[in-house]
Amino acid sequence: MKNSVLTDHTLIIDELEKSIKFHNLNFILGFLPKGSYLVGGYIRDIILGRKTEKLDVDIVVPLKAIEIGKKIAENIESKFIVLDEKREVVRIFLNNIDIDIANQVSSTIEGDLFSRDFSINSIAFLLDKKCLLDPLNGLKDLEISLLRSHSEKNLLNDPLRILRCFRFVSELNFKIDLNLITFIKKNKVKLYIAAKERINYEIQKIVNGANALEAVLLIKKLNIFGIDNLFEDSFFLDLEKINYAELNQEEKEKFLPSFFIAQILDVVSLEKLKFSKAEISKTKLLRKWHFLLEKKNISQLTEAERFALHKELEMFLPLFIFYLPQNSRLDWLHRWRDNNDKLFHPSNLLNGDVIKKNLKIKDGPILGELLQYLSKELAYKRLNNFDEAIYKAKRWIEQNAPKCD
């Protein structure tokens, strides 16, 4: 919806009812008691005209959320789980829709809305009265793209909400209210109270958003993760000075998220926050080769070092581009984009089985070293065909295989 109609309740309600009908939610709403209402991201995204692959629907009922959720799940033959038995919060899975049902906590709807994380998520649609309730001016904040919280206490109830601020910057291009910035600076250490898996999930959302760079810049500026050497270690780059246009769109989508992660978290933090072994390995390799090139010019690398660099970084070389001298980046990218470039994409003319059959050697370190040697020879264009590879393999074995008395 356009900004000019953001505050028009009639239009918003019309869009809500269209969405409810489109997603076949009418049947579910029929099980809800009077006083139930929709709230949160579902309403926010409809107002913003934002379409997502997965729909999250938050429903608040006066009482008996578990009983209501179970009855709905049975009738639509859907999976049902209890997220919080004490507070009575349940989730129903319906195709690509997650439906959360929770009990009203305060004595009034307004009281519940005042306790939510941000004003833009505190807009309610009262189902039986067919009207909107917006006590915190969330509609106005949506109109001006501002992220604001009613109370610091609301965020401290779930410190992950501190990190979620940056997700709104990344996904929705929102600005963060100055009072909220002050609060974040003061309380960022409390973020680690949240489960590591939840922090990991939010970071992944942040670095994959359409405005990830702006969010990551703010995270670095506020040093949200408290990395001691963030502003001293040469591995952490000045992200505002990088020319991201050197990467094409596909490369940006595939590689920039990992690049941003490596720019806000060190290896210890990646391990602590349970990032995948592959993600941690990428960062370790990027650091290894960055610091080697701090000591040596690219032209000073030996053949073996240059080959090892491309072998280790082959699958994610665009991540490394920004650590190279400016005059090397485009050349390296062009060569990496050419799958037939044997230095940037090391391969072999022979595999282990062919070598074992033709040269009568067994599995072991010698075979591995020979394959590495042949791959390097191919990379530097000293091999052209199968026969040359067999010949060079025989010569190498004669010179390097252990001699028996």
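All of these numbers come straight from a predicted model, not from anything done at the bench.

> How would you sum up the overall build of the protein? Please name residues and give values.
Along the backbone of the protein there are 19 helices and 9 strands. Taken over C-alpha atoms, the radius of gyration comes to 28 Å for the protein, far larger than the 22 Å a tight globule of 405 residues would show. The principal-axis extent of the C-alpha atoms belonging to the protein is close to 90 × 50 × 40 Å. When burial is assessed residue by residue, the protein has 48% of its 405 residues classed as buried. Taking all contacts inside the protein whose residues are at least 6 apart in sequence as the whole, residues at least 24 apart take part in 64%. Taking the 63 positively charged and 58 negatively charged side chains of the protein as two groups, their mean positions are separated by 2 Å.

> Please give an account of the nonpolar core that cites residues and values.
Of all hydrophobic cores here, the largest spans 108 residues; its most connected members are I99, F166, I184, I203, F225, F259 and F320. In terms of nonpolar packing, the next biggest core, distinct from the first, is built from 14 residues, L359, L378, L383 and A389 among them.

> How would you sum up the side chain of N200? Please name residues and give values.
Structurally, N200 can be placed in helix 10 (residues 196–207). A distance of 3.2 Å separates a polar side-chain atom of N200 from the backbone oxygen of K274. If we skip the residues at most four places from it in the chain, N200 touches L273, K274 and F275.

> Can you explain the domain arrangement of the protein? Please cite residues and give values.
Each assigned domain of the protein is listed with its residue range as follows: domain 1 (9–143) and domain 2 (352–400). Inter-centroid distance (C-alpha atoms) of domain 1 to domain 2 is 65 Å.

> Tell me what's going on with the UniProt feature "domain: Poly A polymerase head" (unreviewed entry) in the protein, and back it up with residues and numbers.
Sequence positions flagged by UniProt for "domain: Poly A polymerase head" (unreviewed entry) are, in local numbering, residues 37–147. Taken end to end, residues 37–147 comprises 29% helix and 33% strand; its first and last C-alpha atoms sit 23 Å apart.

> Tell me about the side chain of K376, and please be specific about residues and values.
The topology assignment puts K376 in helix 18 (residues 365–379). One buried charged side chain, K376, makes no salt bridge at all; its nearest oppositely charged neighbour is E303, positioned 4.2 Å away. Beyond its immediate sequence surroundings of up to four residues, K376 is in contact with E303, A304, F307 and R382.

> Outline the sheet that holds strand 4 (residues 89–94), listing residues and values.
The 7 strands are arranged 3-4-5-2-1-6-7 in an open sheet whose pairing can be described as mixed. Since the sheet does not close on itself, it has two edges, and those belong to strand 3 (79–84) and strand 7 (131–133), each with one partner. Each strand axis lies, on average, 25 degrees off the axis of its neighbour in the sheet, ignoring direction. The sheet contact formed by strand 4 and strand 5 (residues 97–103) spans 6 bridges and is antiparallel. Its bridge partner being in strand 5, V90 is matched across the sheet by I101.

> Explain helix 18 to me, and be specific about the residues and the numbers.
Compared with an ideal rise of 1.5 Å per residue, which puts 15 residues at 21 Å, helix 18 spans 21 Å between its outermost C-alpha atoms and is within 8% of the ideal. Among the residues making up helix 18, those that are buried are L367, L370, L374, S375, K376, E377, L378 and A379. On its buried face, helix 18 is in contact with helix 15 (303–313), helix 17 (352–359) and helix 19 (386–400). The positive-phi residue at the C-terminal boundary of helix 18 is K381, with phi of around 60 degrees.

> Requested: an account of the pattern of salt bridges, with residues and values cited.
If you walk through the whole model with that rule in mind, you get 29 salt bridges. One salt bridge connects E377 with R382, and the closest N-O pair in it is separated by 3.0 Å. Overall, the relative accessible area of 5% leaves E377 in the buried class. Here E377 and K392 are joined by a salt bridge, their closest N and O atoms 2.7 Å apart. Taken as a pair, E377 in helix 18 and K392 in helix 19 lie far apart in primary sequence, 15 residues in all.

> Outline the pairing of strand 4, listing residues and values.
Where strand 3 lies against strand 4, 5 bridges are found, and the strand directions are antiparallel. In the sheet register, K79 faces strand 4, and the bridge partner there is F93. Between strand 3 and strand 4, which pair antiparallel one after the other, the connecting turn spans 4 residues, and E88 there sits at a positive phi close to 60 degrees. Count of turn residues in the strand 4/strand 5 antiparallel hairpin: 2 residues, of which N95 carries a positive phi of about 55 degrees.

> With reference to specific residues and values, describe the environment of P325.
By the element assignment, P325 lies in the loop between helix 15 and helix 16 (326–337). Along the sequence, P325 and F114 sit 211 residues apart, while their C-alpha atoms lie 52 Å from each other.

Basis of the calculations
- Residues numbered from 1 in each chain as written.
- Predicted model: local features only at pLDDT ≥ 70, side-chain atom pairs only at ≥ 80, totals over all residues.
- Heavy atoms only, no water.
- Helix = DSSP H or I, 4+ residues; strand = E, 2+ residues; numbered from the N terminus.
- Rg over C-alpha atoms; globule rule 2.2 N^0.38 Å.
- Buried < 20%, exposed > 50% of the residue type's maximum accessible area, 1.4 Å probe, protein only.
- Contact = heavy atoms within 4.5 Å.
- Lys, Arg positive; Asp, Glu negative; His and termini not counted.
- Charge placed at Lys NZ, Arg CZ, Asp CG, Glu CD.
- Core = buried A, V, L, I, M, F, W, Y, C linked by side-chain atoms within 4.5 Å.
- Polar contact = N/O pair within 3.5 Å; in protein donor to acceptor, adjacent residues only side chain to side chain.
- Domains from an automatic or database assignment.
- UniProt positions renumbered as here; feature names shortened; annotations may be inferred.
- Salt bridge = Lys/Arg side-chain N within 4 Å of Asp/Glu carboxyl O.
- Pairing = 2+ DSSP bridges.
- Axes fitted to C-alpha atoms, helices over the stretch in contact; angles between N-to-C directions.
- Expected span 1.5 Å × (residues − 1).

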